[in-house]
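Secondary and tertiary structure notes
The lines below spell out each chain.
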Amino acid sequence: MRSVAFYTLGCKLNFSESSALGRSMEEHGYEVKPFHEVADIYVINTCSVTDNADKKCKKVVREALRTAPDASVVIVGCYAQLKPEEITRIPGVDLVLGASEKFRLPEFLDTLQKNASPKYFAKPVAEATTFHSAFSFGERTRAFLKVQDGCDYTCAFCTIPLARGASRSSSIAEVVEQAEKIAALDVREIVLTGVNIGDFGQEDEDFYGLMQALDTVNGIDRIRISSIEPNLLTPDIIDFVAASETFVPHFHIPLQSGSDMILRRMRRRYLRDVYSDRVQRIRAAMPHACIGVDVITGFPGETDEAFAETYQFLLDLDISYLHVFTYSERPNTHALTLDGVVPQKKREERTTQLRNLSEKKRRAFYDAFAGSIRPVLFEAERNGARMHGFTDNYIRVETAYDPLLVNTIVPVQLGKQNADGYMLAEHIFDDLDIWNERIHAELKSN
């Protein structure tokens, strides 16, 4: 039996696809091994959102060959679609598969020869029109479920439409079927993933309808939305999450800039007033909700004044944390034609400022729940004697390792934060009557 190991770079969508590819390999008679073990073939699923993601790919190739010098190396994912010929020049790479071809991985591996010249197969991205279902499985507590792929937006900084093609979706019926399969695997939480999941829909279906259908699936305790554009986060969606006992109060909403001038240059489909409106609507419906934000520093034209505007906007906004990205030039994007290039050092300084702000926001959000009781899904062992989990509203919680807690949702009274940024579990309730009668009522009242 030949063996294969996977390494995934980038987003939750990539993780769902790597897991699906792994199951496909098993169906074709391959043994799937952990990446750190010796395998016959290593498959690296790549990202190409930033230049750093490309560099990481090269590093992972070296790591694979250090473990197994005679192994074959296959590159798939966004980087593979954008620069297939360039990747074949990385020492040790044997095969590169583009956006459509990666789902035919077993077929290509059957004829792969280590000592042959590197080959690449990548059709034009316009031909990537088929939706391929996928979900991750391996970590029992949570699964990433792919519901949408590609993007029709033309944001000035983004290569994803070039790497993944036009927006396309599963059907509601197919997603529900996938969710039921996940429930049968004893997974407690589903995270809905895609490139632009708010754009989900075939014919008369839409994301709101998908949420309604998933809310009725038995056996799944939690459903989390990975990320959704502010212009697609409708009041109906917010109200539905507020009323649902399955969809959790956690929103991750890309902003990218708090300056309307920069948002226009970025070709985003909203201005900051729309964003602040969505945050206010969430807070009004769910004061306890966690709200995460994506933001980019150093985009062309971001003057000191524009950055100050972004910083103040985020400082005043009632949000929980930031994911901060330093702008990097990407080939074939509109941003390359814009003037006002920001020096690299200044980009990095701004990133540091916003990451410091993010830590202050996160700590303040956590501190607001000290002493309160929230449901925690415990995941796994951490540092030998400790384990961690997440509340419904995405607060990381740590406690002493107890194997009986793994993959369970229990009411926990939250204590203080530790040096690693986890909240300590002050008390874990094992009396479900207390939870059902008192805690659940308290949560609803909040």
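Structure shown above.
Quick summary incoming for the structure in this document. Along every chain, residues carry numbers that run from 1 in the direction the sequence is written. Since the coordinates come from a predicted model, pLDDT governs what is reported: local features require at least 70, and pairs of side-chain atoms require 80 or more to be given and counted, while whole-chain, interface and lining totals use all residues. Side-chain metrics rest on all non-hydrogen atoms present in the structure, leaving aside hydrogens and water.

1. Observations regarding the overall build of the chain
- Only DSSP runs of H or I covering at least 4 residues are called helices, and only runs of E covering at least 2 are called strands; the numbering of each starts at the N terminus. Broken down by element type, the chain carries 14 helices and 20 strands.
- The quantity called the radius of gyration is restricted to C-alpha atoms. Its globule counterpart is 2.2 Å times the number of residues to the power 0.38. For the chain, whose C-alpha radius of gyration is 22 Å, the value lies close to the compact-globule estimate of 22 Å for 446 residues.
- Considering only C-alpha atoms, the chain reaches an extent of 65 × 55 × 50 Å along its principal axes.
- Buried, partly exposed and exposed residues are distinguished by accessible area as a fraction of the type maximum, computed with a 1.4 Å probe on protein chains only: under 20%, between the cut-offs, and over 50%, respectively. Counting only residues that meet the buried cut, the chain has 55% of its 446 residues in that class.
- Note on definitions: a residue-residue contact is assigned when non-hydrogen atoms from the two residues lie within 4.5 Å. Intrachain contacts of the chain at a sequence separation of at least 6 include 73% that bridge at least 24 residues.

2. Concerning the sheet that holds strand S12 (residues 222-225)
- Following DSSP output, two strands are said to pair if at least two bridges run between them. Spatial strand order, S7-S8-S11-S12: four strands in an open sheet with mixed pairing. Of all strands in the sheet, those bounded by a partner on one side alone are strand S7 (134-135) and S12.
- As paired elements, strand S11 (residues 189-193) and S12 share four bridges and run parallel to each other. The partner of Ile190 across the bridge, within S12, is Ile223.

3. As for the packing of helix H8 (residues 207-214) against helix H9 (residues 235-243)
- One way to put it is that H8 packs onto H9 with a least axis distance of 10 Å and a crossing angle of 15 degrees. In this view, H8 runs roughly parallel relative to H9, as classed from their interaxial angle. The way H8 lies across H9 gives a crossing that is left-handed. Contacts between H8 and H9 pair Phe207, Tyr208, Met211 and Gln212 from the former with Asp236, Ile237, Phe240 and Val241 from the latter.
- Residue polarity is assigned by list, with Asp, Glu, Lys and Arg as charged and Ala, Val, Leu, Ile, Met, Phe, Trp, Tyr, Cys and Pro as nonpolar; anything else, Gly included, falls into the polar class. Looking at side-chain class alone, the contact of H8 with H9 contains six nonpolar, one polar and one charged residues. Here an axis means a line fitted to C-alpha atoms, over the contact stretch when the element is a helix, while the angle between two N-to-C directions is reported on a 0 to 180 degree scale. By the definition adopted for this analysis, an angle is roughly parallel if under 35 degrees, roughly antiparallel if over 145, roughly perpendicular if from 65 to 115, and oblique otherwise. For any pair of crossing helices, the crossing counts as left-handed if the nearer helix is rotated counterclockwise from the farther one by less than a right angle, and right-handed if it is rotated clockwise.

4. Thoughts on the packing of aromatic side chains
- Centre distance within 6.5 Å is the pairing criterion for rings of Phe, Tyr and Trp, where only the six-membered ring of Trp is used; planes under 30 degrees apart are then read as stacked, over 60 as edge-to-face, and the remainder as tilted. Applying the stated criterion across every chain, the model contains 13 aromatic pairs.
- Relative to Phe299, the ring of Phe157 lies with its centre 6.4 Å away and its plane at 85 degrees, an arrangement referred to as edge-to-face. Here Phe299 lies in the loop between strand S14 (290-297) and helix H12 (304-316) and Phe157 lies in the loop between strand S9 (148-149) and helix H6 (160-164), a separation of 142 residues in the sequence.
- On the numbers, 5.2 Å between centres and 70 degrees between planes, the contact of Phe365 with Phe369 is edge-to-face.
- The exposure class assigned to Phe365 is buried, which follows from its relative accessible area of 9%.
- By relative accessible area, Phe369 is classed as buried at 10%.
- Site record: aromatic cluster; members linked through ring pairs are Tyr7, Phe35 and Tyr42.

5. A few points about the pairing of strand S18 (residues 396-400)
- Pairing geometry for strand S17 (residues 386-391) and S18, over five bridges, is antiparallel. Looking at S18, one finds that His388 is bridged to Glu398.
- From the end of S17 to the start of S18, which pair antiparallel, there are four residues, and Tyr394 there has a positive phi angle of about 65 degrees.
- Of the strand pairs in this sheet, S18 and strand S20 (residues 423-428) are connected by two bridges, and their pairing is parallel. Of the residues in S20, the one forming a bridge with Val397 is Met423.

6. Regarding unusual backbone geometry
- Unlike most non-glycine residues, Asp186 shows phi in positive territory, near 70 degrees.
- Position of Asp186 relative to the elements: it lies in the loop between helix H7 (172-184) and S11.
- Positive phi is not limited to glycine here, since Asn407 has a value of about 65 degrees.
- Relative to the helices and strands, Asn407 is located in the loop between S18 and strand S19 (409-417).

7. What to know about the pattern of salt bridges
- Here a salt bridge means any side-chain nitrogen of Lys or Arg lying within 4 Å of a carboxyl oxygen belonging to Asp or Glu. The full count for this structure, using the stated rule, is 27 salt bridges.
- Here Asp277 makes a salt bridge to Arg281, at a shortest N to O gap of 3.0 Å. Here Asp277 and its partner Arg281 are both found in helix H11 (residues 272-285), four residues apart, which amounts to about one turn of the helix.

8. Examining the nonpolar core
- Put simply, buried Ala, Val, Leu, Ile, Met, Phe, Trp, Tyr and Cys residues joined by side-chain atoms within 4.5 Å make one nonpolar core. Counting 66 residues, the largest nonpolar core has Leu192, Phe207 and Leu214 as the members making the most contacts within it.
- In terms of residues, this core owes the most to one element, H7, which gives six residues.
- If we skip the residues at most four places from it in the chain, Leu192 touches Leu145, Val147, Ile197, Phe207, Leu214, Ile223, Arg224, Ile225, Ser226 and Phe247.
- Cys47, Tyr79, Ile90 and Val96 belong to the second-largest nonpolar core, a separate cluster that totals 22 residues.

9. A few points about H12
- Along its 13 residues, H12 runs 18 Å from first to last C-alpha, staying within 8% of the 18 Å computed at 1.5 Å per residue.
- Residues of H12 that are buried: Ala306, Phe307, Thr310, Phe313 and Leu314. Projection of H12 onto a plane perpendicular to its axis shows the buried side chains occupying an angular sector of 125 degrees, all on one side. Away from its buried face, by an angle of more than 90 degrees, H12 presents the exposed residues Glu305 and Asp316. Given a helix with a known number of residues, its expected span is that number minus one, times 1.5 Å. The directions from the helix axis to the C-beta atoms form the arc being described.

10. Considering the sheet that holds strand S15 (residues 321-326)
- Spatial strand order, S13-S14-S15: three strands in an open sheet with parallel pairing. The open sheet has two edge strands, strand S13 (250-256) and S15, and neither has a second partner. For this sheet the average axis-to-axis angle between neighbouring strands, irrespective of direction, equals 20 degrees.
- With six bridges connecting them, S13 and S14 associate as parallel partners. Looking at S14, one finds that Gln256 is bridged to Val295.
- Each of S13, S14 and S15 touches H12; the most contacted strand, S14, lies at about 175 degrees to it.

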